[in-house]
Amino acid sequence: QVQLVESGGGLVQPGGSLRLSCAASGSIWSINAMGWYRQALGKQRERELVARTNHGGIANIVDSVRGRFTISRDNAKNTVYLQMNSLKPEDTAVYYCNADIWGDQGRNDYWGQGTQVTVSS
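Quantities reported herein were computed from a predicted structural model and do not represent experimental measurements.

## As for the environment of Q3
No. 1: Of note, Q3 is situated in strand β1 (residues 3-7).
No. 2: The contacts of Q3, once residues within four sequence positions are left out, are A23, A24 and S25.

Written as C-alpha cells, this is what we have:
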C-alpha cells in the first residue's frame with residue numbers, strides 16, 4: 001500500500017517562511033510527477049495546483065506563488081519539498097501532496113492527508 005505523509009505546516013506571520021515535506025512509502029516501482037495543491041477552508045473552492053515537478057526535476061509553478069515558492073524533490077528518498085517564502089494571508093489553506101506512482105497495483109494517483117498552513121499576524 002502506497003502512502004504519502006506530509007509535514008511542515010503551521011502558523012506563520014506574513015512575510016515568514018515554511019517548508020513542507022512529503023514522503024512516499026510502500027511498494028513503489030517509480031514515481032512520475034510529484035506536486036502540491038491547496039484548498040482554502042470555509043469556501044466552496046476547488047483544490048488548486050501550487051507547484052509540480054516531474055521525475056527529472058522540471059518544475060511548474062503557478063503565477064500566484066512564482067518567485068516566492070520553490071519546489072524540489074529527492075528521488076532517492078521519494079520525497080518532494082515546498083519551500084514557501086514571503087508568505088501572505090491569502091496563502092492560508094490546507095496543502096495536499098500529490099504523486100503519480102507506479103507500484104504493485106499499477107499506476108495510480110495518490111494524495112496525502114493534508115497539512116494546514118495559516119498565515120496571520
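There is more to say after this.
## Quick word on the side chain of T79
No. 1: You can see T79 is positioned in strand β8 (residues 79-84).
No. 2: Of the polar contacts made by the side chain of T79, one reaches the backbone oxygen of K77; its length is 2.8 Å.

## Some words on the side chain of T115
No. 1: Topologically, T115 is positioned in strand β11 (residues 115-119).
No. 2: Within polar-contact distance, the side chain of T115 engages the backbone nitrogen of G9 at 3.3 Å.
No. 3: Those residues in contact with T115 that sit more than four places away from it in its chain are E6, G9, L20, A93, V94 and Y95.

## Some points on the nonpolar core
No. 1: In terms of nonpolar packing, the biggest core is built from 29 residues, with W36, L82, M84, Y95 and I101 touching the most fellow members.
No. 2: Broken down by element, the residue count for this core peaks at five residues, all from strand β9 (residues 93-103).
No. 3: Among all residues touching Y95, those that are not within four sequence positions of it are E6, L20, W36, Y37, R38, V50, F69, L82, M84, G114, T115 and V117.

## Observations regarding the sheet that holds β8
The strands making up a sheet associate through backbone hydrogen bonding, with each pair oriented either parallel or antiparallel.
No. 1: Strand order in the open sheet formed by four strands is β1-β3-β8-β7, with antiparallel pairing between adjacent strands. Whereas interior strands pair on both sides, the edge strands pair on one side only; in this sheet they are β1 and β7 (69-74). Across the sheet, the mean angle separating the axes of adjacent strands is 15 degrees when strand polarity is ignored.
No. 2: Bridge count between strand β3 (residues 18-25) and β8: six bridges; the pairing is antiparallel. Looking across to β8, one finds that R19 is bridged to Q83.

Rules and cut-offs
- Residues numbered from 1 in each chain as written.
- Predicted model: local features only at pLDDT ≥ 70, side-chain atom pairs only at ≥ 80, totals over all residues.
- Heavy atoms only, no water.
- Helix = DSSP H or I, 4+ residues; strand = E, 2+ residues; numbered from the N terminus.
- Contact = heavy atoms within 4.5 Å.
- Polar contact = N/O pair within 3.5 Å; in protein donor to acceptor, adjacent residues only side chain to side chain.
- Core = buried A, V, L, I, M, F, W, Y, C linked by side-chain atoms within 4.5 Å.
- Buried < 20%, exposed > 50% of the residue type's maximum accessible area, 1.4 Å probe, protein only.
- Pairing = 2+ DSSP bridges.
- Axes fitted to C-alpha atoms, helices over the stretch in contact; angles between N-to-C directions.

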